[in-house]
Structures are given as structure tokens and as C-alpha cells.
Amino acid sequence: MQNVVSKLDAVIQKYHGKKGALIPLMQEVQDLEGYLSHNTMQYLSEQTNVPVAEIFGVATFYSMFRLKAQGRHVIRICKGTACHVSGANGILYSLRENLQLEPGEETTTDGNFTLVEVACLGCCSLAPVIMIDDQTFGTLTPEAIPSILDKFAFAGDTV
Amino acid sequence: MSNVVVKVGVASCGLAAGAGDVFSRVQEYISEQKLDISLVKTACIGMCFEEPIVALSGMDAGTIIMGKVTADSIIESLDDYLAGNPIRQRVILAEKGDAIHNELLANQKRIVLRNCGVINPESLPDYEATGGYTALRIALEMEREDIITTIKDSGLRGRGGAGFSTGMKWGFAFNAVGDKKYVVCNADEGDPGAFMDRSVLEGDPHSILEGMAIGAFAMGADEGYIYCRAEYPLAIKHLKIAIADAEQKGYLGNNILGTDFSFDLHIKEGAGAFVCGEETALMASIEGKRGMPTIRPPFPAESGLWGKPTNINNVETWANISWIINNGADAYKQYGTEKSTGTKVFALAGKIKNSGLIEVPMGVTIRDVIYKVGGGMKTELPFKAVQLGGPSGGCIPEALLDTIVDYDSINKTGAIMGSGGMVVMDQGTCMVDVARFFLNFTQNESCGKCTFCRIGTRRMLEILTNITEGKGKLEDITTLEQLATNIIKGSLCGLGQTAPNPVLTTLKYFRDEYLAHIEEKRCPAGVCTSLLRYEIDPEKCIGCTACARKCPVNCISGSVKQVHNIDQDLCIKCGACYSTCKFGAVKKG
């Protein structure tokens, strides 16, 4: 914990006194733990004198900010127009099926994957597309999903 | 060192198609064979459907560009090329002689995309070699008013979608009184189906920097921001490199090129909110707040970022500036129509053969864009509609395909030019489902400030969902139209004002599809799963068991050589049996 606090302090220091720094500051803070916990936002508020309500307001407004812990790998499924007309729903169905996610659930029970729907990844010519971490997979079929997920399978203990 | 250069396209689309492996394979091969040739990275030439793409140049055969390259095929092609033999692999463009897609490029005019996929975007000398930063030198010698007049005379209109005169906008910021002014580049390209800005940022970042420096000088700004969406990590990386190089070379920073003009440029990463493409919301976001739009006036030119006069243009607009300064307003006006001059970049996607980026002079017909430049339909099903302008736009039917590409003609159809996303749809696309898709998007992205946008879009979405589930009533259509009118009137910003467009245009051109869903409980395109039913035709089924093995929920029964049967209660209507059956025995209806 002390380790995280000192890293937090270093990030806060980096943006100290810069105008309009709240969003990049929060982005960097989020990178430390993968999400913004209530404690982190509270600490950020104390250190920067920005009201915690404002920090929470920004965190809930932008889709990149996460208030819950994430899986080891983040799967982004593109729900853009080109992907939609090319069968993104079938890909989503296959993903949820293979990850055994209950309706409304985003993170697998072993904590290995988090599934997020995004508006457009800008690779429309490869539709339908998913992105796992920073790798993009295009021209997908539902049948192709299991072998892609296998590449990211977690070998160690469950979390 | 020989003049032979191997260029591998490694923009986002190329990487997703496997360009990374191709690049490493060539790299290995060069060191194994101790070849005296150079290997460089470039960005996207726009032919995404041919990725990975590699260009070879420097031999007598001239530049040869190959498509659908693999780590194996590239080595064979490279050997052929170096030996002076004809290339046996897929050649898509050739400087000398014929190639599959030579004609596709001939129908285009590339101003904004002039360097994309041609230069190495991480190299400032590459950009300078194409005449980069000469426009900045010219501009710094000009009177500031003259620069603005040139842009005004060129007829350039904002490429972000609304199409306001760029020169006039610059004039407002120039005339605004203030000790401090800002210029901003809107790179928050959020329309699903549009990726023009990503390609320019990834492929030619210096052209944006140069355009912004010229604009800042003309308007009297000394600081600028590029607001780029965080979903584009490669674009941000290339911009950072470009800014650092330009600062070092004296194109940005203090006393640019020895003059007393100084200009600092920063990158702001977006955090994921579509509404931030709206200029007042974008500025709130740069300031570190929730990105919610504010009432205009005051316009940003009077009171923008931190209350200072601010000018905002989008990526494509900025990318035009240096070309106009170099070549003059008259040269720019040669292209396009009287009221919409120059060129427009489109992102072609959906059921079109040549998906990717193209740039055409304004004034060509949409039909030519789709069939001549885009190569026509990819699927066997016939054309149904083309969606222009993303969630703010609309669907144009076959009958209106001869509409020309200019702001005013497209507006008349009920769609908008928008930022340039063009998604082609075939008869297998349900237009009610498409309208529902866009409403779902705008409803999610509404910032919540205006009641009509926040609740009105939700009501519209509910009605559309009911219709696609076969629960629609005839009076729903009237309610949709009333809600649409009120949302347009009662919303502060472009998001709400244009949100009903996808519904209005589909109601206008594809009303019979709505009626089929409502009155006959039938989805003519066979997309809306609640209205779908898959059945096996006993006459045609030979009992091969292929469908039963493919079914993800095991709802197909029947033994070998017996007619199969689908259990309708268990069927999830995924269509796997339909696409698997080789005998046409599975019927969809």
C-alpha cells in the first residue's frame, strides 16, 4: 500500500500547478491500479484540493475511467456501424458463451478477462473486430473466438 | 547503399492484418542475406481491404505495391524484384505497367491523404522531402490578413461535418480582442464507421502541425491543443514524435524559423465521450471537466478555452491548410463544386468490396464513389442503402445514389456529409435495426444535460426496440416522428439536434420495412431475431448432420440420413445451421 501511495504522490506532483490537468492526472493514477477506487479518489481530492464530487463526476462521465477492478486482459468488442452490419452481435454472443459470463457480468470469475463494448475501434474495413489488450483481431467469425481466447489463457492460480 | 526501399504499411489496420510479422520477416531476411536495401515503416495508403500492404521501389521496374502480403510471400516478391523478374505475387499498384487497382487511384484526388502510406510518419526529413513546412515559411512572410483571405477564397469548409467556412471562422478569431488566443485540433473522431482522422494522424502528423502553426500565426494564437481520442494509441505516439522533432527543428516553440512568432502545441488525450466532439464540450474536457456542451453564443472565437478566443478545426480541415498556402486558393477551387470546393475523404466500410480510405473531388456522385472507387458490392446480395454521417446522418437509398457529394446536396436527402463515414448496406441489412443501432448509440452517449436528448432518445429507442421485437403498433410511427421533431428543437448541441436523423431518413425511404415489422410481424431482411424462425425443409434435408453438429445449443435433432428438426423453444436464432447447410434445406423466415 505504501508503495502505491508513493507512486500516487509522484504522479500528483508531476501535474501540480498545471492547468486542466485533472483528466490526464486521473488517467495516470488509474494506470497504477487498473481502476479508480473510492479511497484513491478520496486521496486524490485531499492532495489536489479538487472536491471529491468533481473527481467522481469526471470519473463517471468518461468511459475510460473504471470504478471496479479489471481482469488481467481487457477484451474490447467493437459495436460500430460496420461491425454491427457485419455480425458483431454473433461475435459478442460467442465471447460471452466462451467466457461463461452471466448477463450483466463483465469480468470472468477467474479474473482473467474483462469484456467491454466500445463504440468504434476505427478498423471498419476489418469488421467485425475485437481488441484484446493492444492486439486487434479482425474479420472474425463466432467459430474463431475460442482459439483467440486460448492465446490469453491464464496458466497460474486463480485470483 | 542501394536505392531499393521496402515500405511496410504498419498503421492500425495493417497491424491488425499481420503487417508486424511481415516487417520482422523482411528485417530478418535483410540481415541474414546481408542485403544492401532499406526497410521503412509507413502508414495507411487507404486500401485497408488489401492489408498487409508492402511497397517496393528503387529498381528499373519502378514502384510496385503488393497486397495481402504474408511473411512468406514477401520474400519471394523481394527476390523477384531484386532480380529484375516480374513479381508473381499479388501486385495491386504499379508505377509502370498494369496492376489490379491502378484505376482506383486514378479516380481519386489526394490532397489530405497526399503523404499517407507514402512517407514514414515518424520521419521529419521524409515530410520535408515532400515539400513539408514550405507553406509555414511562405505564411510567415505573408501579412496575417492575407493568409485568412487566402483560406476564405479557397472556399474550404469545416470537414468535421457542419461545413462552416474555415476562412470566416479564422476571421472571427483574428478579430477577437484578447492578449491570449488558442487554436485547437479536434481529433476526437467518434462516429462509428469513420476513421479518416486516425489515418491522417497516423500517416502524416506533420501536416496537422504545419496547418495549426499557420493558423495560429494568422489568428495571433501562441498556444494550441490537439484533442485526440485515447482509442488511437498509434496516432498519439506519432503526434508526440512529430511535435518533439518539429520543436527541435524550430517549426514549433519559441521564435519559429527565426521570427518573433512563438507557438506551443500540446496533446490532450480524450477519455471516452462521444459528445466531446462538440466544440464547447471539447473545451470543457481540455479544461479537465465533464465534457458537457454550453450555450452558444458566446462562440469559442470570443470566449473559448479558459475564456480566451479560441479557434477549433478538425483534423481533415487542418490537413488542407498547407496545401492551400503552397498552391493557392485558385488551385484548390479547381476541385469540387462552386459552394463545396476541394476534396473530401471518405471511409468506406460495410458491404463494399474496397473498404478503406479514399479521397475524391467534391461533386462526384455517391454512385461513382461506391461503384468506381469502392469497387461495388462485396456480397452477392444487392445494394440497399448507404449510411452517411454516422449517428448524426442518414441512410440514402438506391434511388438517390446520383446525389453529388457536396454539403448542400447531401443535406437535401436528410443525411449529412458528416465527417465522412460511408457504410454500405445490402439487402441483408434491416433498416429498422440500423435505426435502433444508432439510437442506442446516441442514447448511450447523450451527456444528459438537455431533457429532450436524454429522455427523448430513450423513448425512441424503446419504441424501436419494440418494433424490432414484433411488439410495435401503427401509432408508434407518429410518436417517433413527434419525438424526433421535439428532440431536434429542444437540444442544445449537435448530438441531440441530429440524433433523430437515422430514424427520420429510414422512415422516409424505408417506411415499408417499418410497416412489415409492425403489421406483418416480419423482418424482411431476416435480421431481427425475435421475428425470425429457422426451419428445415424435409424435401431438401439429406440428413448429413452438419447443422446439428454446428448448433451451439444442440437444438437440432435427427439421426444420419434422417430428416432433421429444429426445436423452436430452444433455438437462439444464431443462424449457424442456415450458413452451414450446403443443400439449402434450412429456411429462414
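For the structure given in this document, a descriptive report is provided here.

So, how was this worked out
Residues numbered from 1 in each chain as written. Chains lettered and ligands numbered in written order. Predicted model: local features only at pLDDT ≥ 70, side-chain atom pairs only at ≥ 80, totals over all residues. Heavy atoms only, no water. Helix = DSSP H or I, 4+ residues; strand = E, 2+ residues; numbered from the N terminus. Rg over C-alpha atoms; globule rule 2.2 N^0.38 Å. Buried < 20%, exposed > 50% of the residue type's maximum accessible area, 1.4 Å probe, protein only. Contact = heavy atoms within 4.5 Å. Areas by Shrake-Rupley, 256 points an atom, 1.4 Å probe, with all protein chains shown as cover. Lys, Arg positive; Asp, Glu negative; His and termini not counted. Charge placed at Lys NZ, Arg CZ, Asp CG, Glu CD. 1 Å grid on protein atoms, 1.4 Å probe; cavity = no way out; pocket = protein on both sides within 12 Å on 5 of 7 lines; lining within 4 Å. Points joined across faces, edges and corners; volume = space filled by probe spheres on them. Nonpolar A, V, L, I, M, F, W, Y, C, P; charged D, E, K, R; others polar. Phe/Tyr/Trp six-rings, centres within 6.5 Å; stacked < 30°, edge-to-face > 60°. Lys NZ or Arg CZ within 6 Å of the ring centre and 35° of its normal. Salt bridge = Lys/Arg side-chain N within 4 Å of Asp/Glu carboxyl O. Pairing = 2+ DSSP bridges. Axes fitted to C-alpha atoms, helices over the stretch in contact; angles between N-to-C directions. Buried area = accessible area lost by both parts, 1.4 Å probe. Polar contact = N/O pair within 3.5 Å; in protein donor to acceptor, adjacent residues only side chain to side chain.

A few points about the overall build of chain B
Counting secondary structure elements, chain B contains 24 helices and 18 strands. By the compact-globule yardstick of 25 Å for 589 residues, chain B fits well, its C-alpha radius of gyration being 26 Å. With the C-alpha coordinates aligned to their principal axes, the bounding extent of chain B is approximately 85 × 65 × 40 Å. Here chain B, with 589 residues, has 59% of them falling under the buried criterion. Residue pairs at least 24 apart in sequence account for 69% of intrachain contacts in chain B once pairs closer than 6 positions are excluded. With an accessible surface of roughly 22800 Å², chain B has 49% of that area assigned to carbon and sulfur atoms. Positive and negative charge centroids in chain B, built from 60 and 69 side chains respectively, lie 6 Å apart.

Quick look at empty space enclosed by the protein
All names here are of chain B. Overall, the coordinates contain six cavities of 30 Å³ or more when judged by the stated rule. Computed from the structure, the largest cavity encloses a volume of approximately 100 Å³. If you go around the largest cavity, you meet 13 residues; those closest to its centre are Pro293, Cys447, Cys450, Cys453 and Cys493. By residue class, the composition of the lining of the largest cavity is eight nonpolar, four polar and one charged.

Quick notes on the packing of aromatic side chains
For any pair of aromatic rings, the description consists of the separation of the ring centres together with the inter-plane angle of the planes. Enumeration over the complete set of coordinates arrives at 17 aromatic pairs over all chains. Aromatic side chains Tyr62(A) and Phe65(A) sit 6.4 Å apart centroid to centroid with 75° between the ring planes, which places their arrangement in the edge-to-face category. Each of the two residues, Tyr62(A) as well as Phe65(A), counts as buried. With a centroid separation of 6.2 Å and 85° between ring planes, the pair formed by Phe137(A) and Phe152(A) is classed as edge-to-face. On the criterion of sequence distance, the pair formed by Phe137(A) in strand β4 (residues 135-137) and Phe152(A) in the segment after α7 (145-150) is long-range, its members being 15 residues apart. For the pair Phe137(A) and Phe152(A), one class covers both residues: buried. Put simply, the rings of Phe61(A), Tyr62(A) and Phe65(A) pair up and form one aromatic cluster. Between Lys19(A) and the ring centre of Trp306(B), over which it is positioned, the NZ or CZ distance is 4.7 Å. Over the ring of Tyr232(B) we find Arg229(B), and its NZ or CZ is 5.0 Å from the ring centre.

Digging into the pattern of salt bridges
Oppositely charged side chains may form a pair once their charged atoms are brought near each other. Tallying each qualifying case throughout the model produces 33 salt bridges over all chains. Linking Glu50(B) and Arg90(B) is a salt bridge whose minimum nitrogen-to-oxygen distance equals 2.6 Å. With Glu50(B) in the loop between β2 (38-42) and β3 (54-57) and Arg90(B) in the loop between α3 (73-83) and β5 (91-94), this residue pair connects regions lying 40 residues apart in the sequence. One salt bridge in this structure joins Lys351(B) and Asp426(B), with 3.6 Å as the shortest N-O distance. Of this pair, Lys351(B) sits in the loop between β10 (343-350) and β11 (356-361) while Asp426(B) sits in strand β14 (residues 421-426); the two residues are 75 residues apart in sequence, bridging distant segments of the chain. Among the charged side chains, a network of salt bridges with common partners joins Lys19(A), Lys180(B), Asp222(B) and Glu223(B).

Concerning the sheet that holds strand β4 (residues 64-66) of chain B
Residues and elements named next belong to chain B. Taken in spatial order, the five strands of this open sheet run β2-β1-β3-β4-β5, and their pairing is mixed. Across the chains shown, the open sheet's two edge strands, defined by having one partner strand only, are β2 and β5. Across the sheet, the mean angle separating the axes of adjacent strands is 20° when strand polarity is ignored. Bridge count for β3 against β4 is three bridges, and the pairing is antiparallel. Pairing of Val54 across the sheet is with Met66, part of β4. Against the sheet, helix α2 (residues 19-33) contacts β1 (5-9), β2 and β3, and its axis sits at roughly 165° relative to β2.

Remarks on the layout of surface pockets
Residue and element names in this part refer to chain B. In this structure, the second largest pocket encloses a volume near 1200 Å³. Gly160, Gly161, Ala162, Gly277 and Glu278 are the residues nearest the centre of the second largest pocket, which is lined by 42 residues in total. When residues of the lining of the second largest pocket are traced back to their parent elements, those giving at least two are α8 (166-175), β9 (310-314) and α20 (494-498). Per-element tally for the lining of the second largest pocket: the top contributor is β9, with five residues. Each residue belonging to the lining of the second largest pocket can be placed in one class, and the counts come to 11 nonpolar, 21 polar and 10 charged.

With respect to the interface of chain B and chain A
At the junction of the two partners, chain B supplies 52 residues and chain A supplies 32 residues. Across the chain B to chain A interface the summed buried area is about 3200 Å²; carbon plus sulfur atoms make up 62%. Here chain B is connected to chain A by one salt bridge. Across the pair Lys19(A) and Glu223(B) runs a salt bridge whose closest N-O atoms are separated by 3.6 Å. Our count for the contact surface shared by chain B and chain A stands at 13 residue pairs in polar contact (both at pLDDT 80 or more). Among the secondary structure elements, those contributing two or more residues to the side of chain B that touches chain A are α1 (12-17), β7 (223-228), β8 (264-269), α12 (279-286), β10, β14 and α17 (431-445) of chain B. At five residues, α17(B) tops the list of elements feeding residues into the side of chain B that touches chain A.

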